[in-house]
Amino acid sequence: MFLCGAQPQGLLWELLLMGVMLAAACPPKCTCSQFKVDCKGIALTMFPTPLQLDTRHLNLASNDIAEIDSLQLSLLSDLVHLDCSHNKISEISKLHFLSVVKLVYLDLSHNRLRNLGESTFTPLTNLVILKLNGNKDLKELDDGIFANNVGLQEINLSNNGLLYLNTSSIKSLQGLKAVYLAGNPWDCQCPISQLSEWIFKHNKSFPDEANTFCTSPKSMVGIRVSKALVKIFEVCHTPLGYFDYFFFVIVGFAIFISGIIVASLTGAILVFFERKKMFTDEEDIDMKQYRSNRVVVRLSKVT
């Protein structure tokens, strides 16, 4: 009986041993403890393996990693803290976060990120702190990029290459407490008026507001974005001159005359068709009367 059951038992023991090995795995040069893997500053060029499956805190900061292995990351379903700052990561997508939905802290600062799609952070519904600062090639963010991260309390977008920021998706984050925007080359023209107004009204939510300056156009250089609203309003809402008022009067008068002409023509056409209908009805009545008289005459002749 022992011999018959030896093969299944052997396979079971192998699987159990593999599980124990994976649970106790620690990448070379990294420091591992319960639920925590620290690989900071050890000159890694690739995502470290093997990793403990129950890892909750992973620190990969200050390395030379150019790409995050989405397959390896997907095995860490209990991960809540991920620090990938000060690396060479240029691309990140929704695929990297599909299985790490418990993530609360994500640091991608000081990398080489260029494009972040609208759905990049969609799976991270529990995210509280997001750091994207120090990515000089990051020049724009899709409008709805944070729409699904309803728990966000802190977003760091400082020292990037942002010229403009659509505030629609950020304003919807009810729990947001801090947004860092300093160090970007803000282009303080008409499209940035919403951001300027938002910072002005909620400056307590912008810890680095005093260091958030316009860098263009020339007339706005050095002005704090929060204080630029008045000048932006003056540029984007130019007061009307005498010629503008005269033009609107002429246009209004032309529209008034056109309305009268259209109304008159419409009335004339309606009267014409109404009279035509009356004449037609009268002709029908006369015809019926004529036929009736002929019938009476014929009957009188017969009698």
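Up top is the structure these notes are about.
Quantities reported herein were computed from a predicted structural model and do not represent experimental measurements.

Chemist: Help me understand the pattern of salt bridges in this model?
Modeler: When the charged atoms of two side chains lie near each other, side chains of opposite charge can form a pair. Across all of its chains, the model carries four salt bridges by this definition. Two residues, E197 and K201, come together in a salt bridge whose shortest N-O distance is 2.8 Å. With a gap of four residues between them, E197 and K201 both fall in helix 4 (residues 193-201), about one helical turn apart. Residue classification places K201 among the exposed positions, given a relative accessible area of 55%. Measuring nitrogen to oxygen at the nearest pair gives 2.9 Å for the salt bridge that ties E209 to R224. Of this pair, E209 sits in the loop between helix 4 and strand 10 (214-216) while R224 sits in the loop between strand 10 and helix 5 (229-236), and the two are 15 residues apart along the sequence. By relative accessible area, R224 is classed as partly exposed at 29%.

Chemist: Would you mind going over the packing of aromatic side chains with me for this structure?
Modeler: Two numbers describe a pair of aromatic rings. These are the distance of the centres and the angle of the planes. For the structure on display, the rule yields three aromatic pairs. The rings of F97, F121 and F146 are connected pair by pair, giving a single aromatic cluster. Over the ring of F35 we find R56, and its NZ or CZ is 4.0 Å from the ring centre.

Chemist: What exactly am I supposed to notice about the nonpolar core here?
Modeler: Note on soluble globular proteins: their nonpolar side chains tend to be buried together. Within the largest apolar cluster, 56 residues are counted, with the highest numbers of intra-cluster contacts made by L106, F121 and F146. Sorting elements by how many residues they give to this core places helix 4 first, with three residues. In contact with F121, not counting residues within four places along its chain, are F97, L106, L108, L116, L130, L132, I145, F146 and N149.

Chemist: Looking at this structure, I do not really get the state of the cysteines. What am I missing?
Modeler: According to the stated counting rule, one finds three disulfides in the structure shown. Disulfide partner of C26: C32, at an S-S distance of 1.9 Å. Here the S-S torsion is close to 85°, and the disulfide linking C26 with C32 is therefore right-handed. On the basis of relative accessibility, which here comes to 32%, the residue C26 falls in the partly exposed class.

Chemist: Can you walk me through a negative patch on the surface in this structure?
Modeler: Together, E118, E140, D142 and D143 give the surface a local cluster of negative charge. Among the secondary structure elements, E118 is positioned in the loop between strand 5 (105-107) and strand 6 (129-131).

Chemist: So what exactly am I meant to see when it comes to the sheet that holds strand 8 (residues 178-180) here?
Modeler: Strand pairing in a sheet takes place through backbone hydrogen bonds and is either antiparallel or parallel in direction. The mixed open sheet is built from eight strands, whose spatial order is 1-2-3-4-5-6-7-8. The outermost strands of the open sheet, each flanked by one partner alone, are strand 1 (31-33) and strand 8. Each neighbouring strand pair of the sheet contributes to a mean axis angle of 5°, computed without reference to strand direction. In this sheet, strand 6 lies alongside strand 5 in parallel orientation, the contact comprising three bridges.

Cut-offs applied
- Residues numbered from 1 in each chain as written.
- Predicted model: local features only at pLDDT ≥ 70, side-chain atom pairs only at ≥ 80, totals over all residues.
- Heavy atoms only, no water.
- Salt bridge = Lys/Arg side-chain N within 4 Å of Asp/Glu carboxyl O.
- Helix = DSSP H or I, 4+ residues; strand = E, 2+ residues; numbered from the N terminus.
- Buried < 20%, exposed > 50% of the residue type's maximum accessible area, 1.4 Å probe, protein only.
- Phe/Tyr/Trp six-rings, centres within 6.5 Å; stacked < 30°, edge-to-face > 60°.
- Lys NZ or Arg CZ within 6 Å of the ring centre and 35° of its normal.
- Core = buried A, V, L, I, M, F, W, Y, C linked by side-chain atoms within 4.5 Å.
- Contact = heavy atoms within 4.5 Å.
- Disulfide = S-S within 2.5 Å.
- Patch = residues over 30% accessible without salt bridge, like charges linked within 9 Å, V, L, I, M, F, W, Y side chains within 5 Å.
- Areas by Shrake-Rupley, 256 points an atom, 1.4 Å probe, with all protein chains shown as cover.
- Lys, Arg positive; Asp, Glu negative; His and termini not counted.
- Charge placed at Lys NZ, Arg CZ, Asp CG, Glu CD.
- Pairing = 2+ DSSP bridges.
- Axes fitted to C-alpha atoms, helices over the stretch in contact; angles between N-to-C directions.

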